[in-house]
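Below are the chains, spelled out letter by letter.
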Amino acid sequence: MESPFERPELYDLLFDTLEFDLEIYKSAARGARGPVLDLACGTGRVGLKLLEDGAQLDGVDLYEPMLAHFRKKADARGLKVNLYRGGFTNFQTPRKYALVVCAFNAFAHNLTQADQLETLRRVRDHLLPGGAFLCHMSFPSAELWSGPDGVPILEAEVPAGGGRMVKIYDSRTKNPLEQTQHSEMEIQIVGADGGVIESHKSETDVRWIYKPEFELLLTTAGFSKINFFGDFDRSPLRADSKQLIVTAHL
Ligand SMILES: C[S@@+](CC[C@H](N)C(=O)[O-])C[C@H]1O[C@@H](n2cnc3c(N)ncnc32)[C@H](O)[C@@H]1O
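Residues numbered from 1 in each chain as written. Predicted model: local features only at pLDDT ≥ 70, side-chain atom pairs only at ≥ 80, totals over all residues. Heavy atoms only, no water.

Caption draft 1: Up close: the side chain of Thr-180. On the secondary structure map, Thr-180 appears in strand β8 (residues 180-190). By relative accessible area, which is 19% here, Thr-180 ends up buried. Excluding anything up to four places from it in sequence, Thr-180 contacts Leu-111, Trp-145, Thr-173, Lys-174, Asn-175, Val-206 and Arg-207. (Helix = DSSP H or I, 4+ residues; strand = E, 2+ residues; numbered from the N terminus. Buried < 20%, exposed > 50% of the residue type's maximum accessible area, 1.4 Å probe, protein only. Contact = heavy atoms within 4.5 Å.)

Caption draft 2: Structural view of the pairing of strand β7 (residues 164-175). In this sheet, β7 lies alongside strand β6 (residues 152-161) in antiparallel orientation, the contact comprising eight bridges. In the sheet register, Ile-153 faces β7, and the bridge partner there is Asp-170. Counting the residues in the hairpin turn of β6 and β7 gives two residues, including Gly-162, whose phi is positive at 60 degrees. Judged from the 11 bridges that link them, β7 and β8 form a sheet pairing that is antiparallel. Bridging across to β8, Val-166 finds its partner in Ile-189. Between β7 and the antiparallel strand that follows it, β8, lie four residues; Gln-179 among them carries a positive phi value of about 60 degrees. (Pairing = 2+ DSSP bridges.)

Caption draft 3: Layout of the nonpolar core. Within the largest apolar cluster, 35 residues are counted, with the highest numbers of intra-cluster contacts made by Leu-120, Phe-133, Phe-214, Leu-218 and Phe-223. Mapped by element, the contributors of at least two residues to this core are β1 (36-39), β4 (97-102), α5 (113-125), β5 (127-138), α6 (142-146), α7 (211-220), β10 (224-229) and β11 (243-249). No other element matches β5, which puts four residues into this core. Of the domains in this structure, domain 1 (4-140 + 209-249) and domain 2 (142-207) are the two that each give at least three residues to this core. Residues contacting Phe-223, with those up to four places away along its chain left out, are Leu-120, Val-123, Arg-124, Leu-127, Phe-133, Leu-218, Ala-248, His-249 and Leu-250. (Core = buried A, V, L, I, M, F, W, Y, C linked by side-chain atoms within 4.5 Å. Domains from an automatic or database assignment.)

Caption draft 4: Region of interest: empty space enclosed by the protein. Applying the stated criterion across every chain, the model contains one cavity of 30 Å³ or more. In terms of lining residues, the largest cavity is bounded by Glu-2, Ser-3, Pro-4, Arg-7, Leu-10, Ile-187, His-200, Lys-201 and Ser-202. If one sorts the elements of the lining of the largest cavity by residue count, strand β9 (residues 196-207) sits on top with three residues. For the lining of the largest cavity, the per-class residue count stands at three nonpolar, three polar and three charged. Structurally, the lining of the largest cavity is a two-domain feature, drawing no fewer than three residues from each of domain 1 (4-140 + 209-249) and domain 2 (142-207). (1 Å grid on protein atoms, 1.4 Å probe; cavity = no way out; pocket = protein on both sides within 12 Å on 5 of 7 lines; lining within 4 Å. Points joined across faces, edges and corners; volume = space filled by probe spheres on them. Nonpolar A, V, L, I, M, F, W, Y, C, P; charged D, E, K, R; others polar.)

Caption draft 5: The site of the ligand, seen in detail. In the vicinity of the ligand, 18 residues are found, and the nearest of them are Tyr-11, Ala-40, Arg-45, Asp-61 and Phe-88. In this structure, an oxygen atom belonging to the ligand sits 2.7 Å away from a side-chain N or O atom of Tyr-11. At 3.0 Å, a backbone N or O of Phe-88 approaches a nitrogen atom of the ligand. Looking at the shell around the ligand residue by residue, the class counts come to 12 nonpolar, four polar and two charged. (Near = heavy atom within 4 Å. Polar contact = N/O pair within 3.5 Å; in protein donor to acceptor, adjacent residues only side chain to side chain.)

Caption draft 6: How the structure looks around the sheet that holds β8. Read across the sheet, four strands follow the order β6-β7-β8-β9 without closing on themselves; strand pairing throughout is antiparallel. Here the strands that pair on one side only, and so sit at the sheet edges, are β6 and β9. Neighbouring strand axes in the sheet, compared pairwise and without regard to direction, differ in orientation by 20 degrees on average. (Axes fitted to C-alpha atoms, helices over the stretch in contact; angles between N-to-C directions.)

Caption draft 7: Region of interest: the sheet that holds strand β3 (residues 82-85). Pairing in this open sheet of seven strands is mixed, and the strands run β3-β2-β1-β4-β5-β11-β10 from one edge to the other. Both edges of this open sheet fall to β3 and β10, since each of them pairs with a single strand only. For this sheet, the mean inter-axis angle between neighbouring strands, taken without regard to orientation, is 15 degrees. Along the sheet face, α7 touches β5, β10 and β11 and points at about 155 degrees away from the line of β10.

So, in structure tokens, the structure goes:
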């Protein structure tokens, strides 16, 4: 089945207006003494805002349709951006960065510890001396693991113009032993009368990660000065936090 990242226009209908996380990336990019890499940049939800804010930004993503959409949006705004196709564990760009950001659960698409570590080593190799990595994922709650498998959950519902709504349902199957989650997703465009006009199905997998494991991976990959936060206001990570934000330095 298709990946959700083959459909950038649907991704943008659902998520492009999300701004809950932007400030932390903007302030990190403003403080960076050099170029910024948006790793798993997608359609440029974060990257375009950083470019508009004056960052010299490059982007990397595995899915060409996401990159093509980002490129189109940057061109329309007269913004210059270098975008490279690459996976987490094998991406390569011609320059190094003062800051690498990895936003909105993208890092969770590393499905094994080996891939997580390889990704962090790649990030390290693309950082300038003293450079920083800033990464955000959801903090996996106890309810995530105890919730029922295979039941569609309405994750988001956003107006799509002309009285239509776009809805995303996620049916999760979890494997707590491996900390992985398989998602079968359905994106629906629903008319003003409530009838489903379009239905798009896709599948993806993620691996959730907790603080001690992330800390060990970052240290093993050569990072230091590692700090965890539980929200975008930089409050401490706690057992009941909803977000996991980590900063690490070379
Ligand atoms: C939830 S989206 C986040 C996109 C963007 N960072 C944002 O904040 O809107 C996850 C992104 O990870 C990318 N991705 C998934 N697997 C990947 C991989 N193995 N290597 C690189 N990028 C990947 C997808 O194409 C998608 O753009």
